[in-house]
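# Report on the structure
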Amino acid sequence: MNSNRPIGVFDSGIGGLTVVHALRRLLPGESLVYLGDTARVPYGTKSHATIERYTLQAGAILQRYDPKLLVIACNTASAHGLAALQAVAPCPVLGVIEPGAAMAAQVEGPVGILGTIATVQSGAYEGAIRRRRPEAEIHSLACPLLVSLAEEGWLDDPITTEICERYLKALPESVRTIVLGCTHYPALRPSLDRARPGTTWIDSGDVTAEAVDALLKNSAGYRIESSKGPLRVLLTDASSRLQEVGSRFLGESLESVELVEL
Ligand code: DGL
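Notes on the structure follow. Here the structure is a predicted model, which is why all the values come from computation and not from measurement.

## Side note on the packing of aromatic side chains
Counted by the stated rule, this structure contains two aromatic pairs. Each ring, one from Phe10 and one from Tyr43, has its centre 6.2 Å from the other, and the planes form 50 degrees; the classification is tilted. Taken together, the residues span a long stretch of sequence, with Phe10 in strand β1 (residues 7–11) and Tyr43 in the loop between β2 (32–36) and α2 (48–63) at a distance of 33 residues. Tyr43 carries the same exposure label as Phe10, and that label is buried. Taken together, a centroid distance of 5.3 Å and an interplanar angle of 50 degrees make the contact between Tyr43 and Tyr54 tilted. Placement of Tyr43 in the loop between β2 and α2 and of Tyr54 in helix α2 is noted, with a sequence separation of eleven residues between them. Here Tyr54 falls in the buried class, since its relative accessible area comes to 11%. An aromatic cluster is present here, built from Phe10, Tyr43 and Tyr54 joined pairwise through their rings. Positioned above the aromatic ring of Tyr54, the side-chain terminus of Arg40 is 3.5 Å from the ring centre.

## Quick word on the sheet that holds strand β8 (residues 200–203)
Consider a sheet: its strands pair through backbone hydrogen bonds, and that pairing is either parallel or antiparallel. As summarised here, the arrangement of the four strands in space is β6-β5-β7-β8, forming an open sheet in which the pairing is parallel. Lying at the two open borders of the sheet, with one neighbouring strand each, are β6 (138–142) and β8. Averaged over all adjacent pairs, the angle separating strand axes in this sheet is 25 degrees, with direction ignored. Two strands pair when backbone bridges link them, and strand β5 (residues 111–115) and β6 are joined in this way by five bridges, in the parallel orientation. Across the sheet, Leu114 pairs through a bridge with Leu141, a residue of β6. This element, helix α10 (residues 204–220), spans β7 (177–181) and β8 of the sheet and lies at about 50 degrees to β8.

What counts and what doesn't
- Residues numbered from 1 in each chain as written.
- Predicted model: local features only at pLDDT ≥ 70, side-chain atom pairs only at ≥ 80, totals over all residues.
- Heavy atoms only, no water.
- Phe/Tyr/Trp six-rings, centres within 6.5 Å; stacked < 30°, edge-to-face > 60°.
- Helix = DSSP H or I, 4+ residues; strand = E, 2+ residues; numbered from the N terminus.
- Buried < 20%, exposed > 50% of the residue type's maximum accessible area, 1.4 Å probe, protein only.
- Lys NZ or Arg CZ within 6 Å of the ring centre and 35° of its normal.
- Pairing = 2+ DSSP bridges.
- Axes fitted to C-alpha atoms, helices over the stretch in contact; angles between N-to-C directions.
- Contact = heavy atoms within 4.5 Å.

Take a look at the structure:
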């Protein structure tokens, strides 16, 4: 098996570039092909059957690049499409929920989960945490407005802080650890911190990058080239603000994108 093959990363849009950011920080030598379904985002308000179908379509497109492994960066697609994609993909497929849940399961006290409506309704985080810690006290909360605020770039803004406060009020005070179970939420850390100081946030992107590292180490192998790995970005639609918003999530300038059809 050629370990220089790329890692395929899939998201419903460009929020998954926060996961690419985490991957490039931890594994800078890896070659990445990112597919964002910008034409059909958001997935967080859609049904299980639709999200599963979209995930399978995205997986099929990424197979054209002969990836050594696929990462579903989108929490919603991980919750609803991971099992179906794992059943048909010729390479390993990782989602963001298992790594985030594994980290959350190590916490002693109650845990909060923030996500899209579809992620929360799936119960995927609860299931994955309870498999590891059956007695866990878990409080899940859908925060649909946060995706739009992140896309608008209101990351450290009084309005965002107020909306975060309003959502987070629904969680008991005893919840001191909260999983950011959506691609966009890590970008809102300044406002989230202000809304609920002293909270430990689990960034599903960071822990997923660690899970990818472990998988490369144990089986798929690292890219051997010493140069910084290339990043290819494929999108199903390119709007005018894409470069600006995408660069914000990626933490570096998003140079060029290619359009693909699903
Ligand atoms: N990428 C999605 C997630 O992580 C957020 C955006 C959407 O609803 O598609 O759940």
